[in-house]
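Observations on the model geometry
Below are the chains, spelled out letter by letter.
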Amino acid sequence: MGWDRRIFLSVCLIASMTTSWAVAEDWLPPGSTTEMIGVKPAELLDPSRELSNQVLLGRLLFRSPSLLGEKAIRIGMSCDSCHTNGHVNTSFYIEGLSDRPGRIDVSNRFWQAGFDDNIDNPIDIPSLRNVKSKTELGTKVIFSNLPAFTRHVISTEFAGPPITEGEMNALVSYMNSLDINGLDTRYIYATTGIDSPYAGLLTRPVQAQDFQQVDSLIDLIRADLGRQVTTETRAKISTKIRLMKSLRAAAAADNYEEAKAFLEKLKR
Ligand code: HEC
């Protein structure tokens with residue numbers, strides 16, 4: 001093989017490598033930021049509603065990209081990426097879809113081919129604190145109630161899969177508990193000593209021997225823990241993930257006595 005041909009082949013190889021990189025990067029243009037930079041706004045929850053299982057499940061869903069469509073999953077974006085802790089992610093910026101940080105065009109084909117108004121119209125990401133007392137939601141498309149608007153956000157704006165009635169109720173409960181005068185959840189966690197707030201969600205499905213529920217909850221909790229890995233939390237989170245794996249395997253084998261034992265360890 002002559003040098004010319006060798007050089008030609010290496011150039012092709014490099015070119016094809018950069019092409020595949022470019023494809024991966026197309027999902028999120030360079031210069032984009034979808035997670036809040038710096039100190040996040042406090043999550044303020046109405047103390048009279050406490051952290052019920054309903055609110056906790058809603059909180060988990062609010063933080064899960066799986067609720068939104070394919071694009072969101074690829075870029076790891078959840079409701080919380082924009083409405084951080086129920087407030088506003090003032091750093092949120094997607095090149096081409098935002099004009100300033102904290103603003104985004106939600107009616108663009110980037111999110112969903114069939115729902116594009118063909119106008120470049122980024123708008124402010126609103127805070128959801130006190131969303132419960134609003135009678136009109138949205139700016140271009142207006143809805144009078146939270147479940148209807150939420151359905152619109154998930155299926156029309158972000159092309160997400162259909163969500164169950166139970167998931168919708170939980171998500172709406174969580175949003176309804178966001179309160180401008182609420183208690184900071186960091187304080188709630190510190191005073192109650194809750195370390196794994198979501199483990200309790202598994203109690204009922206384990207008792208009811210409902211494998212489907214156990215399976216889908218473990219999926220959500222595992223992903224949520226995965227997003228919180230830091231050098232300090234890594235070891236603790238790995239232990240929890242291993243326990244959930246064992247719990248799931250025990251439940252899959254219909255051994256709910258063993259599943260209960262793993263759940264007790266997980267709750268500690
Ligand atoms: C890419 C950023 C982004 C994501 C992700 C996102 N939103 Fe929003 N959200 C917005 C913007 C921008 C608006 C304003 C839309 C409008 O006025 O039409 C909005 C409006 C809302 C409103 C109405 C608030 C009001 O005061 O009118 C609710 C409720 C809401 N979003 C809930 C959610 C939920 C639940 C999710 C996840 C399932 C979600 N959002 C995901 C950006 C986002």
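Structure: see above.
Residues numbered from 1 in each chain as written. Predicted model: local features only at pLDDT ≥ 70, side-chain atom pairs only at ≥ 80, totals over all residues.

Observations concerning unusual backbone geometry
For Asn-85, which is not glycine, the phi dihedral falls at a positive 50°. If you trace the backbone, Asn-85 turns up in the loop between helix H4 (79-82) and strand S2 (103-104). The backbone phi angle of Ala-159 is positive, close to 55°, even though this residue is not glycine. Tracing the chain through its elements places Ala-159 in the loop between helix H5 (146-157) and helix H6 (165-177). Exposure remark for Ala-159: the 17 C-beta atoms within 10 Å place this residue in the partly exposed category. (Helix = DSSP H or I, 4+ residues; strand = E, 2+ residues; numbered from the N terminus. Buried ≥ 20, exposed ≤ 12 C-beta atoms within 10 Å, placed from the backbone.)

As for the nonpolar core
Core analysis: the biggest nonpolar cluster contains 48 residues, and Leu-61, Leu-202, Leu-247, Ala-259 and Leu-263 have the highest contact counts within it. Element by element, the count of residues in this core is highest for helix H2 (residues 53-62), at 6 residues. In terms of domain composition, this core takes at least three residues from each of domain 2 (31-194) and domain 3 (198-268). Non-local contacts of Leu-61, meaning those with residues more than four positions away in its chain, are made with Leu-67, Glu-167, Ala-170 and Leu-171. (Core = buried A, V, L, I, M, F, W, Y, C linked by C-beta atoms within 7 Å. Domains from an automatic or database assignment. Contact = placed C-beta atoms within 7 Å.)

What to know about the site of the ligand
Surrounding the ligand, one finds 25 residues, the nearest of these being Cys-79, Cys-82, Leu-137, Gly-138 and Thr-139. Sorting the residues of the shell around the ligand by element identifies H4 and H5 as the ones contributing at least two each. For the shell around the ligand, the element with the most residues is H5, which contributes 5 residues. Considering only residue class, the shell around the ligand consists of 18 nonpolar, 5 polar and 2 charged. (Near = placed C-beta within 6 Å. Nonpolar A, V, L, I, M, F, W, Y, C, P; charged D, E, K, R; others polar.)

Comments concerning the packing of helix H10 (residues 234-252) against helix H11 (residues 256-267)
Packing of H10 against H11 brings their axes to within 8 Å, and their N-to-C directions diverge by 165°. Relative to H11, the element H10 is oriented roughly antiparallel. The two elements H10 and H11 meet at a crossing, and its hand is left-handed. Across the interface between the two elements, Lys-240, Leu-243, Met-244, Ser-246, Leu-247, Ala-250 and Ala-251 from H10 touch Tyr-256, Glu-258, Ala-259, Phe-262, Leu-263, Lys-265 and Leu-266 from H11. Looking at side-chain class alone, the contact of H10 with H11 contains 10 nonpolar, 1 polar and 3 charged residues. (Axes fitted to C-alpha atoms, helices over the stretch in contact; angles between N-to-C directions. Parallel < 35°, antiparallel > 145°, perpendicular 65-115°, else oblique. Left-handed = near helix turned anticlockwise from the far one by under 90°.)

Re H6
For H6, with 13 residues, the first-to-last C-alpha span of 18 Å sits near the 18 Å given by 1.5 Å per residue. For H6, the full list of buried residues reads Ala-170, Leu-171, Ser-173, Tyr-174, Met-175 and Ser-177. The secondary structure elements touched by the buried residues of H6 are strand S1 (44-45), H2 and H5. (Expected span 1.5 Å × (residues − 1).)

With respect to the packing of helix H9 (residues 211-226) against H10
Put simply, H9 and H10 touch, their axes get as near as 10 Å, and they point 165° apart. Accordingly, the angle class assigned to the pair H9 and H10 is roughly antiparallel. As H9 packs across H10, the resulting crossing turns out to be left-handed. Residue-level contacts link Phe-211, Val-214, Asp-215, Ile-218, Ile-221, Arg-222 and Leu-225 of H9 to Ile-237, Lys-240, Ile-241, Met-244, Arg-248, Ala-251 and Ala-252 of H10. By residue class, the composition of the contact of H9 with H10 is 10 nonpolar, no polar and 4 charged.

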